[in-house]
Amino acid sequence: MGNGCFYADRLAAGYGKRPVAEGLSFHAGRGEIVTLIGPNGAGKSTILKTISGGLAPMGGELVLDGVPMERIPRKERARKLAVVFTEKLQGELMTCRDVTAAGRYPYTGRLGLLSEKDQRAVDQALELVHGTDLGDRPFDRISDGQRQRIMLARALCQEPEMILLDEPTSHLDVKYKLEFLSLLREMARKKDLSVLMSLHELDLAERISDRVVCIKDGRMDRCGTPEQVFTPGYVEGLFGMTAGKFDAAGGSVEFSVPGGAVKPEDLPENAVFVIAGNGSGRQVFRKLQRENVPFVTGILFENDLDLPAAEALAAHVVKVPLGPVPEEAVREARAWIRRCQRVICCRTGFGVWEKENEDLFKYAERSGKTAGES
Ligand SMILES: Nc1ncnc2c1ncn2[C@@H]1O[C@H](COP(=O)(O)OP(=O)(O)OP(=O)(O)O)[C@@H](O)[C@H]1O
């Protein structure tokens, strides 16, 4: 089970008598980020609500720092566990400082008066999220990204051992998503916090998580490091994707092959051959996809930056292992060029190891099939 700060052992979570998900066993160590992923309605929020204490577990065990959670007194649990849920917080008439200070409630007396130590903790938390300047601003008159940072400050103020976040990036634009998750990563490491959250953005989940827990059909489908989880084809199955493809290496989602999956022998007349490589082809592949133009590409080495997008989108890829390019691959690529209506070359120059692609380009030029990049 691991010596993590938190673990769930065969947890069942749900409403009434029906578990939404069960048999969930995973842990989150100190300084670690663990992310729940899965389709809509899989039960991610229900699991987080159960761990936060908002719902009673329907089975199994939750352990924080070696102690079963149901045995941790309420007030102590409130210190150890901070919750950042995205439901609109009622923050009218409160300044950002007031909202942050609410994180100190497990430490204040019955009157909720902040001691000097509490005030310092509030200052420090605001500073950590780069929110000092927001302190006096009304909480309901700041941006969603700023609000999210203040909510994190409130959680940090609690000096917890673990933070739970339900889709913390859902209202943020791409800049704030990255900024917020980087901040979370930094806090997890700096403060030795365990972080458990749900995320819809798989690329971010892959980049930020130490471990990923996949929930599907009421159970834990997979749990492991991003490398163990995001194997080719897995995400498509987890989400029941009938169109498109998730690029496990690049962490991005690709749409379906233009014109549907075409067998190479059925390549339509308007097909294009793309000479790419070294990341130069991805934009062109996606443009052709948007225009619904089937294409073949090559010759790509098996570690080429363009390969994941090529394999997701091309009707066929002429792919070779690292090392000298076999004559057979060159013959195959030439045959494809002959079958395609035109050739797009994405390269502005060819390296010494790309002689075969340079020759292909010359071959295409002689055949009168070359065009610019578009
Ligand atoms: N209060 C509730 N009472 C009964 N059933 C609920 C309640 N809230 C959610 N559910 C059901 O529990 C299941 C899991 O919902 P949950 O919100 O946990 O999924 P999720 O994985 O977080 O989904 P999403 O990705 O859409 O946010 C769904 O079938 C949902 O309809």
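Residues numbered from 1 in each chain as written. Predicted model: local features only at pLDDT ≥ 70, side-chain atom pairs only at ≥ 80, totals over all residues. Heavy atoms only, no water.

For the protein chain, an unreviewed UniProt entry supplies the name ABC transporter ATP-binding protein and the organism Enterocloster hominis.

Chemist: Explain the overall build of the protein chain here, please?
Modeler: A count of helices and strands for the protein chain gives 13 helices and 17 strands. Reported as C-alpha extents along the three principal axes, the dimensions of the protein chain are approximately 85 × 45 × 35 Å. Averaging the coordinates of the 51 positive side-chain charges in the protein chain and doing the same for the 53 negative ones gives two points 3 Å apart. (Helix = DSSP H or I, 4+ residues; strand = E, 2+ residues; numbered from the N terminus. Lys, Arg positive; Asp, Glu negative; His and termini not counted. Charge placed at Lys NZ, Arg CZ, Asp CG, Glu CD.)

Chemist: Explain the site of the ligand here, please?
Modeler: Around the ligand, the neighbouring residues are Tyr15, Val20, Pro39, Asn40, Gly41, Ala42, Gly43, Lys44, Ser45, Thr46, Glu167 and His200. With respect to the ligand, the side chain of tyrosine 15 contributes an N or O atom lying 3.2 Å from a nitrogen atom. Interatomic distance of 3.1 Å between a side-chain N/O atom of glutamate 167 and an oxygen atom of the ligand. Alone, the ligand offers 640 Å² of accessible surface; in the complex the protein occludes 59% of this. (Near = heavy atom within 4 Å. Polar contact = N/O pair within 3.5 Å; in protein donor to acceptor, adjacent residues only side chain to side chain. Areas by Shrake-Rupley, 256 points an atom, 1.4 Å probe, with all protein chains shown as cover.)

Chemist: What is the right way to read the confidence of the model for the protein chain from this model?
Modeler: Keep in mind that low pLDDT regions are not for reading the predicted coordinates in detail. Taken as a whole, the protein chain shows an average pLDDT of 87; of its residues, 91% reach a score of 70 or greater. Two numbers describe this predicted complex: its pTM, 0.76, and its ipTM, 0.98. (pLDDT = per-residue confidence, 0-100.)

Chemist: For this particular structure, what's the right way to read the packing of aromatic side chains?
Modeler: Geometrically, a pair of aromatic rings is defined through the distance of the ring centres and the angle of the planes. This model, assessed by the stated rule, comprises three aromatic pairs. Aromatic pair phenylalanine 6 and phenylalanine 26: ring centres 6.2 Å apart, planes at 50°, arrangement tilted. Here the residue phenylalanine 6 occupies a position in strand E1 (residues 6–15), and phenylalanine 26 occupies one in strand E2 (residues 18–28), the gap between them amounting to 20 residues. Taken as a pair, phenylalanine 6 and phenylalanine 26 share a single burial class, namely buried. Arranged with centres 6.3 Å apart and planes meeting at 35°, the rings of phenylalanine 350 and phenylalanine 361 form a pair that is tilted. Taken together, the positions of phenylalanine 350 in the loop between strand E16 (342–345) and helix H13 (355–366) and phenylalanine 361 in helix H13 put the pair eleven residues apart, joining distant regions of the chain. Residue placement shows arginine 147 over the ring face of phenylalanine 139; its charged tip is 5.7 Å from the ring centre. (Phe/Tyr/Trp six-rings, centres within 6.5 Å; stacked < 30°, edge-to-face > 60°. Buried < 20%, exposed > 50% of the residue type's maximum accessible area, 1.4 Å probe, protein only. Lys NZ or Arg CZ within 6 Å of the ring centre and 35° of its normal.)

Chemist: What should I look at first to understand a positive patch on the surface in this one?
Modeler: Taken together, the side chains of Lys75, Arg79, Lys117 and Arg120 define a basic patch exposed on the protein surface. If you list the elements that add at least two residues to the positive patch, you get helix H2 (74–80) and helix H4 (116–128). Checked against the element boundaries, lysine 75 lands in helix H2. (Patch = residues over 30% accessible without salt bridge, like charges linked within 9 Å, V, L, I, M, F, W, Y side chains within 5 Å. Salt bridge = Lys/Arg side-chain N within 4 Å of Asp/Glu carboxyl O.)

Chemist: Even after reading the chapter, I still don't get the layout of surface pockets, so can you show me in this structure?
Modeler: Where empty space is left becomes clear once a probe the size of a water molecule has been rolled over the atoms. Empty space within the largest pocket amounts to approximately 500 Å³. Taken together, 21 residues make up the lining of the largest pocket; nearest its centre are Ser52, Ala78, Leu81, Val83 and Tyr105. Taken together, the residues of the lining of the largest pocket break down into eleven nonpolar, five polar and five charged. (1 Å grid on protein atoms, 1.4 Å probe; cavity = no way out; pocket = protein on both sides within 12 Å on 5 of 7 lines; lining within 4 Å. Points joined across faces, edges and corners; volume = space filled by probe spheres on them. Nonpolar A, V, L, I, M, F, W, Y, C, P; charged D, E, K, R; others polar.)

Chemist: Can you help me understand the pattern of salt bridges in this one?
Modeler: Pairs can form between side chains of opposite charge once their charged atoms are near each other. According to the stated counting rule, one finds 19 salt bridges in the structure shown. Among the ionic pairs, lysine 80 bridges to glutamate 161, the shortest N-O distance being 3.4 Å. Pair noted here: lysine 80 is in helix H2 and glutamate 161 is in the loop between helix H5 (144–157) and strand E7 (162–166), with a separation of 81 residues, a long-range link. Side by side, lysine 80 and glutamate 161 carry an identical accessibility label, which is buried. Ionic pairing is found between aspartate 210 and arginine 189, a salt bridge with its closest N-O pair at 3.4 Å. Note that aspartate 210 is positioned in the loop between helix H7 (202–208) and strand E9 (211–216) and arginine 189 in helix H6 (residues 174–191), a separation of 21 residues in sequence. Residue classification places aspartate 210 among the partly exposed positions, given a relative accessible area of 22%. Residue classification places arginine 189 among the partly exposed residues on the basis of a relative accessible area of 43%.

Chemist: Would you take a moment to explain H13 for this structure?
Modeler: Each full turn of the α-helix corresponds to 3.6 residues, which orients residues three or four apart in the same direction. For H13, built from twelve residues, the straight-helix expectation of 16 Å at 1.5 Å per residue is met to within 8% by its first-to-last C-alpha distance of 16 Å. Those residues of H13 that fall on the buried side of the exposure criterion are Asn357, Leu360, Tyr363 and Ala364. Around the axis of H13, the buried residues are gathered within 110° of arc, so they sit on the same side. (Expected span 1.5 Å × (residues − 1). Arc of directions from axis to C-beta.)

Chemist: What should I look at first to understand the packing of H5 against H6 in this one?
Modeler: Relative orientation of the contacting elements H5 and H6 amounts to 10°, with a least axis distance of 10 Å. The orientation of H5 relative to H6 falls into the category roughly parallel. Of the residues in H6, those touching H5 at Gly145, Gln148, Arg149, Leu152 and Leu156 are Tyr176, Glu179, Phe180, Leu183, Leu184 and Met187. Partitioned by chemical class, the residues of the contact of H5 with H6 number seven nonpolar, two polar and two charged. (Axes fitted to C-alpha atoms, helices over the stretch in contact; angles between N-to-C directions. Parallel < 35°, antiparallel > 145°, perpendicular 65-115°, else oblique. Contact = heavy atoms within 4.5 Å.)

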